[in-house]
Amino acid sequence: MYCKLLLICLFLCSCSSTRMMETDLYFGQSKPDGTTLTENEWTHFKETEIAKAFKEGTTILPGTGTWYDTASNKLISESTYVVVYFYKHSRSVSKRIDSLRSVYKTLFNQQSILRVDKKVKAVF
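Owing to the predicted nature of the structure, the values given are computational and were not obtained by experimental measurement.

Peer 1: Would you mind going over the overall build of the protein chain with me for this structure?
Peer 2: Broken down by element type, the protein chain carries three helices and four strands. Taken over 124 residues, the protein chain has a buried fraction of 28%. Surface summary for the protein chain: the accessible area is close to 8700 Å², and the carbon and sulfur share equals 58%.

As structure tokens, this is what we get:
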């Protein structure tokens with residue numbers, strides 16, 4: 001009986017979740033001059049900047065987003081990549097995420113990069 005109880009406890013402990021943060025970053029692909037990022041520009045940014053910032057790995061999802069441009073008073077629709085990153089909460093990681101957003105805004109003349117942070121429980 002003791003052996004069965006121990007095995008059940010070990011199994012439950014191995015499946016337990018870990019408290020983490022999930023950050024979703026929305027990288028719009030439209031440039032202010034009306035063009036969009038080329039596939040090569042996005043790939044280079046992904047393979048250098050994103051890979052450097054998130055060495056543990058990420059999930060990148062293609063999508064289409066809309067946002068209201070206050071300068072032109074128009075609703076803009078554009079291709080977007082959503083980068084999903086899971087990590088243990090820390091100020092240094094948060095700074096790294098904001099630095100990545102700044103680099104993208106500077107490189108591609110973007111107004112903003114949406115950042116959404118959520119507390120999650122994750123099991124790997």
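Peer 1: So what exactly am I meant to see when it comes to the sheet that holds strand β1 (residues 18-28) here?
Peer 2: By definition, the strands of a sheet pair up through backbone hydrogen bonds, in either a parallel or an antiparallel sense. If you trace the four strands from one edge of the open sheet to the other, you get β2-β3-β1-β4, paired in antiparallel fashion. A strand with exactly one partner marks an edge of an open sheet, and here the two such strands are β2 (59-69) and β4 (114-122). Strand-to-strand twist of the sheet, defined as the mean angle between neighbouring strand axes without regard to direction, takes the value 30°. Alignment of β1 against β4, held across nine bridges, turns out to be antiparallel. Looking at the pairing, T18 lines up with A122 of β4. Of the strands in this sheet, β1, β2 and β3 (74-87) are in contact with helix α2 (residues 39-53), which crosses β3 at around 30°. Contacting β1, β3 and β4, helix α3 (residues 91-108) crosses the sheet at an angle of about 5° to β1.

Peer 1: What exactly am I supposed to notice about the pairing of β1 here?
Peer 2: Sheet faces and side chains relate simply in a regular strand, where the side chains alternate between the two faces. The buried fraction of β1 amounts to eight of the eleven residues, a majority that puts the element mostly inside the structure. Across eight bridges, β1 lies against β3 in antiparallel orientation. Residue pairing across strands places G28 opposite T80, the latter belonging to β3.

Peer 1: It is not clear to me how the packing of α2 against α3 should be interpreted in this structure. Could you clarify?
Peer 2: Packed helices, taken two at a time, are described by the angle their axes make and the gap between the axes. Packing of α2 against α3 brings their axes to within 10 Å, and their N-to-C directions diverge by 160°. On the basis of the axis angle, α2 is roughly antiparallel to α3. Between α2 and α3 lies a crossing whose hand is right-handed. Facing E41, W42, F45, E49, I50 and A53 of α2, the residues of α3 in contact are R96, L100, V103, Y104, L107 and F108. Across the contact of α2 with α3, the residue classes tally to nine nonpolar, no polar and three charged.

Peer 1: I tried to follow the packing of aromatic side chains on my own but got confused; where do I start?
Peer 2: Each aromatic ring pair is characterised by the separation of its centres together with the angle its planes make. For the coordinates displayed, the defined rule picks out eleven aromatic pairs. Ring centres of W42 and Y104 lie 6.3 Å apart, and the angle between their planes is 80°; this geometry places the pair in the edge-to-face category. Of this pair, W42 sits in helix α2 while Y104 sits in helix α3, placing them 62 residues apart in sequence. Taken individually, W42 and Y104 each receive the classification buried, so the pair is uniform in this respect. Following the ring pairs from residue to residue traces out a cluster consisting of F27, W42, F45, Y81, Y104 and F108.

Peer 1: How should α3 be read in this particular structure?
Peer 2: Residue pairs spaced three or four apart in an α-helix point in one direction, given the helix's 3.6 residues per turn. Between the first and last C-alpha of α3 there are 26 Å, a value that for 18 residues agrees with the 26 Å anticipated at 1.5 Å per step. Of all the positions in α3, only V93, I97, L100, R101, Y104 and F108 are classed as buried. Seen from one end, α3 has its buried residues packed into an arc of 95°, which puts them on one side. With respect to the buried face of α3, the exposed residues turned more than 90 degrees away are R91, S92, K95 and T106. Against the buried residues of α3 lie β1, α2, β3 and β4. Positive backbone phi, approximately 50°, marks N109, located one or two places after α3.

Each value, and the rule that gives it
- Residues numbered from 1 in each chain as written.
- Predicted model: local features only at pLDDT ≥ 70, side-chain atom pairs only at ≥ 80, totals over all residues.
- Heavy atoms only, no water.
- Helix = DSSP H or I, 4+ residues; strand = E, 2+ residues; numbered from the N terminus.
- Buried < 20%, exposed > 50% of the residue type's maximum accessible area, 1.4 Å probe, protein only.
- Areas by Shrake-Rupley, 256 points an atom, 1.4 Å probe, with all protein chains shown as cover.
- Pairing = 2+ DSSP bridges.
- Axes fitted to C-alpha atoms, helices over the stretch in contact; angles between N-to-C directions.
- Contact = heavy atoms within 4.5 Å.
- Parallel < 35°, antiparallel > 145°, perpendicular 65-115°, else oblique.
- Left-handed = near helix turned anticlockwise from the far one by under 90°.
- Nonpolar A, V, L, I, M, F, W, Y, C, P; charged D, E, K, R; others polar.
- Phe/Tyr/Trp six-rings, centres within 6.5 Å; stacked < 30°, edge-to-face > 60°.
- Expected span 1.5 Å × (residues − 1).
- Arc of directions from axis to C-beta.

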